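The residues making up each chain are set out below.
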Amino acid sequence: MTPSLVPIREKVEAGKRLSAADGEALFASPDLLSIAQMAHGVRLKKHGLTTYYNWNLHLNSTNVCEANCLFCSFARLKTGMSQAFTMSIEDAERWIRERYRPGMTEIHIVNGLNPDLDFDYYPSLLRMIRREFPELHIKAFTAVEIHYFAKKYGLSYAEVLSVLRDAGLGSLPGGGAEIFAERVRRKICRDKASADEWLAVHRAAHGAGLKSNCTMLYGTIESPAERIDHLIRLRSLQDETGGFQVFIPLAFHNEGNRMERVPPPTAVDDLRVIAISRLMLDNIPHIKAYWVMLGVKTAQTALLCGANDMDGTVTEEKVYHMAGSHSPDALGLSEIRRLITSAGLSPQERTTTYGTVHRAA
Ligand code: V47
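Sequence positions are assigned chain by chain, starting from 1 and proceeding in written order. With pLDDT at 70 or above as the cut-off, local features in this predicted model cover only qualifying residues; side-chain atom pairs require 80 or more to be listed or tallied, and sums for whole chains, interfaces and linings still use all residues. Hydrogens are left out, water is left out, and the side-chain values use all remaining heavy atoms of the structure.

Engineer: Report on the nonpolar core, specifying residues and quantitative values.
Structural biologist: Nonpolar cores are built from buried Ala, Val, Leu, Ile, Met, Phe, Trp, Tyr and Cys residues. Side-chain atoms within 4.5 Å join them into one set. Summary of the burial criterion: residues with accessible area below 20% of their type's maximum are buried, those above 50% are exposed, and those between are partly exposed, where the area comes from a 1.4 Å probe applied to protein chains only. Counting 121 residues, the largest nonpolar core has Ile96, Ile129, Phe141, Leu164 and Trp198 as its most contacted members. Setting aside residues up to four positions removed in sequence, Trp198 forms contacts with Ala143, Val144, Gly174, Gly175, Gly176, Ala177, Phe180, Ala193, Asn213, Cys214, Leu234 and Phe244. For this analysis, residues touch if any pair of their heavy atoms sits within 4.5 Å.

Rendered as structure tokens:
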């Protein structure tokens with residue numbers, strides 16, 4: 001182990017919280033194997049060998065988006081542009097029906113900030129899903145979307161969340177956080193919710209009894225110190241509310257967007273971010289290795305570097321596939337279990353909120 005890591009290992013073994021300086025020392029160290037071993041030790045203490053996955057479906061019902069994020073390959077600025085789409089509620093119902101299988105437990109919905117829709121579109125979408133597919137937990141709308149609804153329709157976050165919850169919203173996904181540092185946000189995503197607004201939406205969701213997820217987009221133009229600042233801001237909100245279930249680091253993909261000249265993170269970067277996240281986020285229960293984003297092989301390896309969740313079957317993901325992901329469109333349940341088992345770990349199917357799913361073999 002490189003000498004700079006020795007005091008950090010002592011803190012980790014004593015269960016002490018790591019500081020920003022510790023986090024920066026971890027990013028500065030080339031000793032990935034020692035960092036991964038510490039993170040795996042923390043994961044074993046928290047979860048043993050148990051490794052979660054779920055049976056889910058991803059829906060994007062519109063990619064029309066007023067925000068003009070440089071890294072995004074999915075959004076189209078205006079209705080009518082090439083590849084822009086907006087599903088009606090009937091289209092969305094048909095789309096889900098064609099892909100839904102009895103036994104699925106979750107639908108994950110992330111959309112663009114579409115200026116052409118009335119607010120009623122969103123509760124109507126949720127009500128349709130609750131009526132037609134009552135077994136699905138609805139994890140929908142990032143904090144950036146909730147902020148947009150509040151601003152556009154003149155409502156408070158609590159009011160938006162209350163209407164959506166009454167219509168069937170079960171929890172919030174973690175997207176849209178990107179990197180909290182103002183320097184980076186100004187350059188890559190200047191015209192959407194700020195860091196403080198993103199955090200305020202999650203605070204409001206937790207206050208309303210909704211669980212949520214959190215993310216960090218890494219590999220664009222942020223510094224290691226800005227990554228650590230991001231993780232510490234998530235950790236502070238978690239100290240306050242306890243409402244985050246899982247942290248998902250999201251690796252930058254550079255195809256089909258305006259940051260094509262920025263090289264994407266390597267596998268070593270990916271594993272280092274997973275491991276350091278596990279070490280810094282001592283109060284967030286789970287770390288997800290999202291296979292669509294990492295690629296299946298790196299995601300499997302991440303399960304031995306601090307991650308304890310693989311996300312789910314997904315089915316037709318668009319955000320990453322439009323940005324150059326070469327991962328498959330979907331993974332079968334038995335393939336996810338095989339990946340986990342062959343890493344020497346124990347697969348456990350979960351609900352969105354980490355309840356156990358018992359399924360006849
Ligand atoms: O908000 C967009 C990111 C997010 C790119 O909560 C990009 O369980 C990298 O939030 N390169 C959407 N990242 C995905 C997301 C998510 C995914 C899986 C599970 C969960 C969960 C949440 O993807 C966006 C943005 O932060 N993103 N474009 C890109 N080119």
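And the narrative resumes.
Engineer: Before we move on, can you summarise the state of the cysteines with the specific residues and values?
Structural biologist: We call a pair of cysteine sulfur atoms a disulfide when they lie within 2.5 Å. In the structure shown here, the tally under the stated rule is zero disulfides. Cys189 takes part in no disulfide bond, and the closest cysteine sulfur, belonging to Cys69, lies 5.2 Å away. The thiol sulfur of Cys214 is not disulfide-bonded, and the nearest other cysteine sulfur, from Cys189, lies at 16 Å.

Engineer: Got a sec to walk through the site of the ligand? Specific residues and values, please.
Structural biologist: Around the ligand, 22 residues are found, and the nearest of them are Lys139, Gly176, Glu178, Lys288 and Tyr320. N or O atoms closer than or at 3.5 Å make up a polar contact, with two conditions inside protein: a donor-capable atom paired with an acceptor-capable one, and, for residues adjacent in sequence, both atoms drawn from side chains. Separating a nitrogen atom of the ligand from a backbone N or O atom of Phe71 is a distance of 2.8 Å. Computed by Shrake-Rupley with a 1.4 Å probe, the accessible areas treat only the displayed protein chains as cover when residues are assessed. Here the ligand loses 96% of its free accessible area of 620 Å² to cover by the protein chains. Starting at the N terminus, helices and strands are each numbered in turn, a helix being any DSSP run of H or I of at least four residues and a strand any DSSP run of E of at least two. Secondary-structure elements contributing two or more residues to the shell around the ligand are strand 6 (211-218) and strand 7 (244-251). In terms of residue count, strand 7 provides more of the shell around the ligand than any other element does, three residues in total. Residue type decides the class: Asp, Glu, Lys and Arg count as charged, Ala, Val, Leu, Ile, Met, Phe, Trp, Tyr, Cys and Pro as nonpolar, and the leftover types, Gly among them, as polar. Classifying every residue of the shell around the ligand by side-chain character gives 11 nonpolar, seven polar and four charged. What makes a residue near a molecule or strand is one non-hydrogen atom of that residue sitting within 4 Å of it.

Engineer: Tell me about the sheet that holds strand 8 (residues 286-287), and name the residues and values.
Structural biologist: Across a sheet, paired strands are connected by hydrogen bonds in the backbone, their directions being either parallel or antiparallel. Here, any two strands with at least 2 DSSP bridges between them count as paired. Strand order in this open sheet of seven strands is 2-3-4-5-6-7-8, and the pairing throughout is parallel. The open sheet is flanked by strand 2 (56-59) and strand 8, the only strands paired with a single partner. For strand 2 and strand 3 (residues 106-109), the ladder comprises four bridges, and the chain directions are parallel. By the bridge assignment, Leu57 is partnered in strand 3 with Ile107. Every axis in this analysis is a line fitted to C-alpha atoms, fitted for helices over the stretch in contact. Angles between the N-to-C directions lie between 0 and 180 degrees. Sheet contacts for helix 5 (residues 121-132): strand 2, strand 3, strand 4 (137-140) and strand 5 (169-172); angle to strand 4, the most-contacted strand, approximately 155°. Most of the contacts of helix 11 (residues 267-280) go to strand 7, to which it runs at about 160°, and overall it touches strand 6, strand 7 and strand 8.

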